[in-house]
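Residues per chain are reported as follows:
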Amino acid sequence: MELSKEQNERYERNILIKEIGVKGQEKLLHSKVLVIGAGGLGSPAILYLACAGVGTIGIADHDSVDLSNLQRQIIHTEKAVKKSKVESAKQAVLERNPNIQVITYEQCIDADNIMELMKDYDFILDATDNFSTKFLINDACVLAKKPFSHAGVIRFQGQTMTYVPEQGPCYRCIFEEPPKETIVPNCRQEGILGAVTGIIGSIQAMEAIKYLLNIGNLLTGYFLTYDGLTMEFRKIKLPNRTSSCPVCGNHSINQKFF
């Protein structure tokens with residue numbers, strides 16, 4: 001595939017980067033990324049992936065746009081209130097880059113559909129806001145040998161890690177089971193500053209791009225935390241893959257999950 005004149009102009013600043021160049025840009029245009037969640041984390045991630053020229057972006061979300069979303073979910077506008085989030089996100093993407101493919105999945109993600117949903121994608125972004133779905137995404141990606149980026153945010157804090165098959169611990173290695181909803185507060189209870197979701201979601205997009213281009217160092221085997229109040233990032237080295245992990249350990253019992 002040879003870049004067109006319009007593509008050369010659109011992606012000029014990407015192409016000038018020696019680690020990307022024309023070949024890297026062509027690789028991005030052939031790549032496919034699935035973003036699960038078109039909210040606070042998904043919004044910046046989707047927009048930056050689209051603008052970078054990732055050729056196919058899948059967007060999965062079953063929710064509709066609410067006025068309270070607009071404080072942080074920058075992909076949506078007031079005109080989109082009460083509309084499907086995936087369709088709102090698709091429109092926003094195509095307004096910025098009409099030459100990429102956007103595939104929407106307006107449905108709840110569950111154990112019955114997640115494997116089929118993500119089978120054709122090169123990288124998965126967990127941009128969801130609940131623990132049950134995060135564990136589901138982790139387990140499915142581990143079993144399907146799909147790389148993915150996890151992230152979570154609340155108040156002024158954010159966290160993210162990247163899983164690559166056979167290269168580090170998975171999310172369940174670190175957090176064995178989903179916590180009870182009554183124990184861990186969520187954004188509906190504690191709030192979230194929109195700029196925090198922008199920072200962490202952008203990091204997720206960066207991780208996807210680096211993986212697709214095979215450049216730089218991923219957050220594989222590391223947990224990155226961010227505190228917006230103190231402006232501190234901490235990159236925490238994680239233990240190696242846990243041998244007792246039920247999905248990626250030595251005696252995994254994956255039938256438990258699917």
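Our structure is the block above this text.
Residues numbered from 1 in each chain as written. Predicted model: local features only at pLDDT ≥ 70, side-chain atom pairs only at ≥ 80, totals over all residues. Heavy atoms only, no water.

(A) Local environment of the overall build of the protein. In terms of helices and strands, the protein carries 10 helices and 8 strands. Taking 258 residues into account, the globule formula puts the C-alpha radius of gyration at 18 Å, and the protein, at 18 Å, falls close to it. Expressed along its principal axes, the backbone C-alpha trace of the protein runs to roughly 55 × 40 × 40 Å. Per-residue burial over the protein gives 51% buried out of 258 residues. (Helix = DSSP H or I, 4+ residues; strand = E, 2+ residues; numbered from the N terminus. Rg over C-alpha atoms; globule rule 2.2 N^0.38 Å. Buried < 20%, exposed > 50% of the residue type's maximum accessible area, 1.4 Å probe, protein only.)

(B) Just the packing of aromatic side chains, in detail. Per the counting criterion, the structure on display carries 6 aromatic pairs. Ring centres of Phe 123 and Tyr 211 lie 5.4 Å apart, and the angle between their planes is 40°; this geometry places the pair in the tilted category. Here Phe 123 is found in strand S4 (residues 123-126), whereas its partner Tyr 211 is found in helix H10 (residues 194-213), with 88 residues between them in sequence. Residue classification places Phe 123 among the buried positions, given a relative accessible area of 0%. Note on Tyr 211: relative accessible area 30%, which makes it partly exposed. Taken together, the aromatic side chains of Phe 135, Tyr 171, Phe 175 and Phe 223 make up a single cluster linked through ring pairs. The ring of Tyr 222 has Lys 235 lying over it, and the distance from NZ or CZ to the ring centre is 4.6 Å. Just above the ring of Tyr 222 sits the side chain of Lys 237; from NZ or CZ to the centre is 5.5 Å. (Phe/Tyr/Trp six-rings, centres within 6.5 Å; stacked < 30°, edge-to-face > 60°. Lys NZ or Arg CZ within 6 Å of the ring centre and 35° of its normal.)

(C) Quick peek at H10. Its 20 residues give H10 an end-to-end C-alpha distance of 29 Å, which sits within 8% of 28 Å, the value for a rise of 1.5 Å per residue. Among the 20 residues that make up H10, 14 are buried, leaving the element largely enclosed by the rest of the structure. Note on H10: the residue one or two positions beyond its end, Asn 214, has a positive phi of about 55°. (Expected span 1.5 Å × (residues − 1).)

(D) Broad picture of the pattern of salt bridges. Summed over the entire model, instances satisfying the criterion amount to 8 salt bridges. The salt bridge partner of Asp 126 is Lys 134, with a shortest N-O separation of 3.3 Å. Exposure class is identical for Asp 126 and Lys 134. Each is buried. For Glu 166, the salt bridge goes to Lys 145, with nearest N and O atoms at 3.4 Å. Of this pair, Glu 166 sits in the loop between strand S6 (157-163) and helix H8 (171-174) while Lys 145 sits in the loop between helix H7 (131-144) and strand S5 (148-154), and the two are 21 residues apart along the sequence. Note on Lys 145: relative accessible area 54%, which makes it exposed. Sharing partners across several salt bridges, the network here consists of Asp 139, Arg 172 and Glu 177. (Salt bridge = Lys/Arg side-chain N within 4 Å of Asp/Glu carboxyl O.)

(E) Spatial organisation of the packing of helix H3 (residues 21-29) against H10. Contact geometry of H3 with H10 gives a least axis separation of 9 Å together with a crossing angle of 110°. In terms of orientation, H3 lies roughly perpendicular with respect to H10. For the crossing formed where H3 meets H10, the hand is right-handed. For the pair H3 and H10, the contacting residues are Gly 24, Lys 27 and Leu 28 in the first and Ile 209, Leu 212 and Leu 213 in the second. (Axes fitted to C-alpha atoms, helices over the stretch in contact; angles between N-to-C directions. Parallel < 35°, antiparallel > 145°, perpendicular 65-115°, else oblique. Left-handed = near helix turned anticlockwise from the far one by under 90°. Contact = heavy atoms within 4.5 Å.)

(F) Structural context of the pairing of S4. Of the two faces of S4, the one lined by Phe 123 and Leu 125 and the one lined by Ile 124 and Asp 126 are each fully buried. Relative to S4, strand S1 (residues 32-36) runs parallel, the two sharing 4 bridges. Bridging from a neighbouring strand, Val 33 pairs with Phe 123 of S4. Relative to S5, S4 is paired through 2 bridges, and the arrangement is parallel. Bridge pairing links Leu 125 to Ser 149 in S5. Following the chain from S4 across H7 to the adjacent parallel S5, one finds a crossover that is right-handed. (Pairing = 2+ DSSP bridges. Right-handed = clockwise from strand over helix to strand, strands pointing away.)

(G) Structural detail: the layout of surface pockets. When its volume is computed, the largest pocket comes out at roughly 1,400 Å³. Around the largest pocket, the lining is made up of 50 residues, and of these Thr 128, Asp 129, Asn 130, Lys 134 and Arg 188 lie nearest the centre. Counting residues per element, the ones that place at least two in the lining of the largest pocket are H7, S5, S6 and helix H9 (187-190). Considering each element in turn, the lining of the largest pocket owes the most residues, 5 residues, to H7. Considering only enclosed or pocket space, the second largest pocket measures out at about 250 Å³ in volume. Counting residues per element, the ones that place at least two in the lining of the second largest pocket are helix H4 (42-52) and H10. Among the elements that line the lining of the second largest pocket, the one with the most residues is H10, at 4 residues. Its residues assigned to classes, the lining of the second largest pocket comprises 9 nonpolar, 2 polar and no charged. (1 Å grid on protein atoms, 1.4 Å probe; cavity = no way out; pocket = protein on both sides within 12 Å on 5 of 7 lines; lining within 4 Å. Points joined across faces, edges and corners; volume = space filled by probe spheres on them. Nonpolar A, V, L, I, M, F, W, Y, C, P; charged D, E, K, R; others polar.)

Geometric descriptors of this kind do not, in isolation, establish any biological role.
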